[in-house]
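Chains, contacts and geometry: an overview
Residue strings, one per chain:
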Amino acid sequence: MFSAELLTQLAHELDRSEKSRQQIEHFSKRFPGMTVEDGYRVAREWVRMQIAAGRRVIGHKIGLTSRAMQISSQIDEPDYGTLLDSMLHTATPGQVLDIAAAKFIAPRVEVELAFVLKAPLIGPGLPGGKEVTLDDVLAATEYVTPAIEIIDARIEQFDRHTRAMRKVFDTISDNAANAGIVVGAGRAAPAALDLPWCGAILRQNGIVEETGLAAGVQGHPAIGVAWLANKLAPWGESLQPGQIVLAGSFTRPVAAQPGDVFEADYGPLGSLQFRFT
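About the criteria used
Going along each chain's sequence as written, the residues are numbered from 1 onward. For this predicted model, a pLDDT threshold of at least 70 governs which residues receive local features, and a threshold of 80 or more governs which side-chain atom pairs are given and counted, while totals over whole chains, interfaces and linings are taken from all residues. Side-chain numbers come from the whole structure's heavy atoms, not from hydrogens or water. Each Phe, Tyr or Trp ring, with Trp reduced to its six-membered ring, pairs with another whose centre is within 6.5 Å; inter-plane angles below 30 degrees give stacked pairs, above 60 give edge-to-face pairs, and intermediate values give tilted ones. Labels follow the DSSP assignment, with helices taken as runs of H or I lasting at least four residues and strands as runs of E lasting at least two, numbered in each case from the N terminus. Relative accessibility thresholds used throughout: buried, under 20% of the residue-type maximum; exposed, over 50%; partly exposed, between the two (1.4 Å probe, protein chains only). By definition here, a helix of n residues has an expected span of 1.5 Å times n minus one. Contacts between residues were defined by any pair of non-hydrogen atoms, one from each residue, lying within 4.5 Å. At least two bridges found by DSSP between two strands is the condition for calling them paired. Axes here mean lines fitted to C-alpha atoms, for a helix over just the part in contact, with angles spanning 0 to 180 degrees between N-to-C directions. One speaks of a salt bridge when a side-chain nitrogen belonging to Lys or Arg is within 4 Å of a carboxyl oxygen belonging to Asp or Glu. Take the buried residues of types Ala, Val, Leu, Ile, Met, Phe, Trp, Tyr and Cys, join any two whose side-chain atoms come within 4.5 Å, and each joined set is a nonpolar core. Identification of polar contacts relies on pairs of N or O atoms within 3.5 Å, with a donor-acceptor requirement for protein atoms, meaning one able to donate a hydrogen and the other able to accept it, and with residues adjacent in sequence counted only if both atoms are side-chain atoms.

Comments concerning the packing of aromatic side chains
In this structure the tally under the stated criterion is eight aromatic pairs. Consider the rings of Phe-262 and Phe-274, whose centres lie 5.5 Å apart with planes at 15°: the pair is stacked. Here Phe-262 is found in strand 12 (residues 261-265), whereas its partner Phe-274 is found in strand 13 (residues 271-276), with 12 residues between them in sequence. In this structure Phe-262 comes out as buried when scored by relative accessible area, which is 0%.

Structure, rendered in structure tokens:
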């Protein structure tokens, strides 16, 4: 288990990487005994530093929700990270929202659904907690809305010397690769939607790059939200009213460059349009 001093050191490295836009080498290469728990502890220390600097937690993200991604990462469950207010970008209908490319190192775009909560979801072992189910998630959700996640890599995806891919411990410590979220399309109560059949078309510069259904997220996007509430409980944490939970991508990540224009068309739920400037 990483020491408190090492956690602080690695969190500072992530912070410097974000500010300088210079990627750092794999933690798992430097510390071969690194565990999943070490990764989450590094991420929590990084979040603690951001809160101390004035940022505010607005929710959470779930990643690695597809079976293919879990197999490639050599894990058997998703991962998760923290959403901060500095990551939030809100579009208005018909607007092409400008997002500064300089905020990111190697941004990629993913298509998701976001659950915005009206009631807490508290996992087992905490006061008032219990094993959270899919039905609990639906009952606690104020509305579901389209969301784009912008993922990034403060820890390089491929080792600069060997080209070996980073391990899941690296991704987890890097806040599960989260760097931004775009919202602002339609809202609907979960009971008004057949959630697994919610879909989207992602266009990049007018070209269809990806299509997908929310069923690609473990069969139902609310399953991951329940999983997250239960996984947070041993850390003394829970999901709270007003928080946004990104349920997981149902398309592959699409690399972005300055000048690229993206449109995510969710049909009846509207669309999100934005440009990396």
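There's plenty left to go through after this.
Description of helix 7 (residues 221-232)
The end-to-end C-alpha separation of helix 7 is 18 Å, in line with the 16 Å expected for 12 residues at 1.5 Å each. Most of helix 7 is tucked away: 10 of the 12 residues are buried. Buried within helix 7 we find Pro-221, Ala-222, Gly-224, Val-225, Ala-226, Trp-227, Leu-228, Ala-229, Asn-230 and Leu-232. Of the surrounding elements, those touching the buried residues of helix 7 are helix 3 (36-52), strand 1 (57-63), strand 2 (79-84), strand 5 (108-117), helix 5 (134-140) and strand 10 (244-246).

Let's talk about the sheet that holds strand 4 (residues 97-99)
Pairing is mixed across the open sheet formed by five strands, whose spatial order is 4-13-12-8-9. Only two strands of the sheet have a single neighbouring strand rather than two, namely strand 4 and strand 9 (207-213). Averaged over all pairs of adjacent strands, the angle between strand axes in this sheet comes to 20°, irrespective of strand direction.

Brief notes about the environment of Trp-46
Its location among the elements puts Trp-46 in helix 3. Taking C-alpha positions, Trp-46 is 8.6 Å from Leu-7, a pair spaced 39 residues apart along the chain. Dropping the residues within four chain positions of it, Trp-46 is found in contact with Ala-11, Leu-14, Asp-15, Glu-18, Arg-55, Leu-84, Met-87 and Asn-175.

Some remarks on the pattern of salt bridges
Summed over the entire model, instances satisfying the criterion amount to 17 salt bridges. Lys-130 is paired through a salt bridge with Asp-136; the nearest N and O atoms lie 2.4 Å apart. A relative accessible area of 43% means that Lys-130 is categorised as partly exposed. Classification of Asp-136 as partly exposed rests on a relative accessible area of 21%. Among the charged side chains, a salt-bridge network with shared partners connects Glu-18, Arg-55, Arg-154 and Asp-174.

Focus on the nonpolar core
Counting 53 residues, the largest nonpolar core has Ile-148 and Phe-276 as its most contacted members. It is helix 7 that contributes the most residues to this core, seven residues altogether. When neighbours within four sequence positions are excluded, Phe-276 is seen to be in contact with Ile-99, Ala-101, Phe-104, Pro-107, Val-109, Ile-150, Ala-256, Gln-257, Pro-258, Gly-259, Asp-260 and Phe-262. Counting 16 residues, the second largest nonpolar core, distinct from the first, contains Val-42, Trp-46, Met-49 and Leu-84.

Remarks on the side chain of Thr-141
With respect to the helices, strands and loops of the structure, Thr-141 is situated in strand 6 (residues 141-151). Among the residues examined, Thr-141 registers a relative accessible area of 2% and is labelled buried. A polar contact of 2.6 Å, which involves the side chain of Thr-141, links it to the backbone oxygen of Val-137. Those residues in contact with Thr-141, other than ones at most four positions away along the chain, are Phe-115, Val-116, Leu-117, Lys-118 and Pro-190.

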